[in-house]
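Survey of secondary and tertiary structure
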Amino acid sequence: MHAPSSHKSPDKTQAQDRKRGPDHIAPDCAGQNFYAVDRGLRDLLRLYLEPDDFQRLEPHFNRLGDLAGGRLDELARVADKHPPVLNARDRLGRDEDWIDYHSSYREMEAIAFGDFQFHAMSHRAGTLGMDRPLPAVAKYALQYLFVQAEFGLMCPISVTDTSIHLIRKFASAELKEYLLPKMLSGDLATMWKGTQFMTERAGGSDVGAIETVARCEDGVWRLSGDKWFCSHADADVALLLARPEGAPAGTSGLALFALPRRLKDGRRNAYRIVRLKDKLGTRSMASGEILLEGAVAYLVGDAGRGLKQMMEQVNLSRLSHGVRAAAMMRRCVNEAMVCARSRVAFGKAIIQYPLLRRQLLKIAVPSEQSLSMFLFTASTMDRANAGSKEAESLLRILTPLLKFRACRDNIPVATGAMEVRGGNGYIEEWVHARLIRDAHVGVLWEGTSNINALDVVTRAIGKSRAQRTLREALARRIDEATPIPSAFRDRLRLRLERTLAFAERVAAEPALEASARQVASALYHVSSAILMMSESARPGADARRALYARLVLEHRMGTQDPLDPITCDWERDAEKILFSETPVAITDVAGLLS
Ligand SMILES: Cc1cc2nc3c(=O)[nH]c(=O)nc-3n(C[C@H](O)[C@H](O)[C@H](O)COP(=O)(O)OP(=O)(O)OC[C@H]3O[C@@H](n4cnc5c(N)ncnc54)[C@H](O)[C@@H]3O)c2cc1C
C-alpha cells in the first residue's frame, strides 16, 4: 500500500522508528502517493472528466499525490507548529504592519501559487500545460489532494481564486486592468493574492448588521470600520462589504469593494492588522482583526447589489470547503486503514476485530459520500459554466448541501480515525490532532451549519425550487443504472421521493424551521447513495461503491432499536469485499443490494 516517496524526509528519526518498530507502533501514511492509493478518486475522475483532459492532467494528479504524501505533508506538520507572527511596526516606528511566516509555509506557497497555480487555473490557459482554463472537476480534485496534507494554506489559495472570479465578473474594465494581471500572475515575488472580509463584531451570519462605512470624496471611496475575522489578513487585495453613506440599513444597502494593501504610489493603505487570532486550527494561516481608517477602496459592480455579488464568492468557497472536508476525511481513512492493518492487539491485527471493522466503516462511508458529492457538484459547475440552466439550478442546492454535511461529518470522522490509532493518535507528532483541530472550522466559516441548512430549505428549495432539478437528475441516474438489482433501485427511488416530500413540507411551513438540518442531512444522504449506486453501474466500474450506497441507507438513513443487537450477515459480507481492496464487478455484490 505504500508507494515510495520521491522526497527525502528531514525527520530521519521518525523514518528510522518506522523501520525499527513496525510490529509495535503502527506506521502512518508518510511516503504514500495519495493519488495512487485512492482507487475511488482515480476511477471517478475518469467518469467526471473528459477523456482528453483526464489524460493530460493525470500526471499532475499523480505528482501532487506524491507531494501530498511526502514533502507537503512534512512542511504542513512544521508550519502548524510555527504559526505566523504579526509585526505591528518597523524599527523606525512606522505602522508598516507585516506578518512573518515560517519557511515551511513559504515553501508550500511556492508549490501552490508558483508550481500548480491553483489560484489561476480556472481563469486562464497556461497552468499545468493546459491550453485553456481547467475544468472545475480537475481544480477541486487537485484541492482534494493538496488538503490531505495541508489545510490552512487552502484558504488563501481558494480565496485568491474566488476573488479573481468576482473581479472578472463584476469589476469595471479599468479595475480589471489594474488588478487582474497581478492576481493572475504565477510569479510569487510580484503577484497579488486575494481575500474576503465580511464578518464584523455585530455579526457574521447576520451580514446586514455590518457597520463599516464607505464615504466617497472627490471620486475616491474611503472605508472606515472594524473587520473582526480576516483570514489571509495580509493579502494584497481584499474584497469586502461596506455601507455607502446614506444607503439603507440591512443587506440591500451593502456595496462590494476591492481594498488594496498598497496604494498606487507604493504607500501602505490606511488600515491596520490589529492582532492575529490564536486559533484552535488552521494554525499555519494568519487570521486577524483589521481596523479600516479611511482606507482607499474601489467599488466593484453595482453599489446596490453588493451582497448578491459577494454571495458568488461565498458559494464558491462553500464548495471548496466541502472538498476540503472530503480531503481531510480521506486522509483519516488512509491513516485508519494503515494503522488497522498493522497494529497488533491480543495477537491479531486490529482490523480483524468486528467492532473495529464497524468503526472503520463509520469513517469510510462519510468519506466516500463526500467524494461522490463533491465530484458531482464540480461537474455540475462545469455544465453550468457552459450555459446549462438546469445545472445552475442543481448547483444552487448541491453547494450548501455539500458544505453543510461534509463539514459536519469531518469532525466525528477525524475523532474516529484518532481512536483507531489509540493513544498515539492523541499525540501532536501524529497527524490526527491537527486533523481534529482543523476539522472544526468547517462548521463555522462561510456560514455555520444552521445558516447552510437554512440556505438549503428557505432559499434553494423555498425560493429557487431547486429540489425539482435535483429530483430529475437523481431519478435519471436511478433509471439508467440497469445493472443494479431493481429492488435496490426501487428502494432508493422511494427514499428519494419521501425525502423530497419532507423537504418541501419543511420549506412550506415556517413552523417547521427547526427541521432544516434534518432535511439537509437526508437530502445529502439520499443524493450521495444514488450517486454511488449509479457510479458503480458503469461498465468496468468498481462495484464496491454500490455497497457504500447501501451502507448509507442502513447506517445514516435507517432506524436502529438501541436494544436490538447488530447481526447483519450482509454487512459482514460487505465488509470482506470493502476491506479486500480488490475491485469487484456488480455481479459480485448484487446479492447484497436489496
Ligand atoms: C478561523 C476563522 C476564520 C474566519 N475567517 C473569516 C474571513 O476571512 N472573512 C470573514 O468574513 N469571516 C471569517 N470568519 C468568520 C465566520 O464566517 C463567522 O464566524 C461565521 O459566519 C459565524 O458568524 P458569527 O461568528 O458572528 O456567529 P453568529 O452569526 O453570531 O452565530 C452564532 C450562532 O448562532 C447561530 N445562528 C445565527 N443565525 C441563526 C439563525 N437565523 N437560525 C439559527 N441559528 C442561527 C449560528 O449558527 C451560530 O451557531 C472566520 C471565522 C473563523 C473561526
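Residues numbered from 1 in each chain as written. Predicted model: local features only at pLDDT ≥ 70, side-chain atom pairs only at ≥ 80, totals over all residues. Heavy atoms only, no water.

**With respect to the site of the ligand**
- By nearness alone, 19 residues border the ligand, and Met198, Thr199, Ser205, Ser231 and Thr448 come closest of all.
- Ser205 has a polar side-chain atom sitting 2.5 Å from an oxygen atom of the ligand.
- Contact between the ligand and Ser231: an oxygen atom at 2.7 Å from a main-chain N or O atom of the residue.
- Notes on the ligand: free accessible area 980 Å², of which the protein chains cover 64%.
- Of all the secondary structure elements, the ones that give two or more residues to the shell around the ligand are β3 (194–197), β5 (220–231) and α13 (449–463).
- Here the residues of the shell around the ligand sort into nine nonpolar, eight polar and two charged. (Near = heavy atom within 4 Å. Polar contact = N/O pair within 3.5 Å; in protein donor to acceptor, adjacent residues only side chain to side chain. Areas by Shrake-Rupley, 256 points an atom, 1.4 Å probe, with all protein chains shown as cover. Helix = DSSP H or I, 4+ residues; strand = E, 2+ residues; numbered from the N terminus. Nonpolar A, V, L, I, M, F, W, Y, C, P; charged D, E, K, R; others polar.)

**Some points on the nonpolar core**
- Counting residues in each nonpolar core, the largest one holds 175 residues, and the members touching the most others are Leu45, Phe61, Phe118 and Leu523.
- No other element matches helix α11 (residues 389–421), which puts 16 residues into this core.
- In terms of nonpolar packing, the next biggest core, distinct from the first, is built from 26 residues, Tyr178, Trp192, Ala258 and Val314 among them. (Core = buried A, V, L, I, M, F, W, Y, C linked by side-chain atoms within 4.5 Å. Buried < 20%, exposed > 50% of the residue type's maximum accessible area, 1.4 Å probe, protein only.)

**Considerations on the pairing of β3**
- Side chains of β3 alternate between two faces, with Gly194 and Gln196 and Thr195 and Phe197 buried alike.
- When β3 meets strand β6 (residues 237–244), the two strands line up parallel, connected through four bridges. If you follow Thr195 over to β6, its bridge partner there is Ala238. (Pairing = 2+ DSSP bridges.)

**As for the pairing of β5**
- Pairing of strand β4 (residues 213–217) with β5, which is carried by five bridges, proceeds in the antiparallel orientation. Across the sheet, residue Glu217 finds its bridge partner in β5, namely Val220.
- Between β4 and β5, which pair antiparallel one after the other, the connecting turn spans two residues, and Asp218 there sits at a positive phi close to 50°.
- Two elements, β5 and strand β9 (residues 287–299), share nine bridges in a ladder whose sense is antiparallel.

**So, unusual backbone geometry**
- Backbone geometry at His232 places phi at a positive 55°, although glycine is not the residue there.
- Looking at the element boundaries, His232 is found in the loop between β5 and β6.
- In this structure, Arg465 is a non-glycine residue whose phi angle is positive, near 55°.
- Positionally, Arg465 belongs in the loop between α13 and α14 (467–480).
- Residue class for Arg465 comes out partly exposed when judged on its relative accessible area of 31%.

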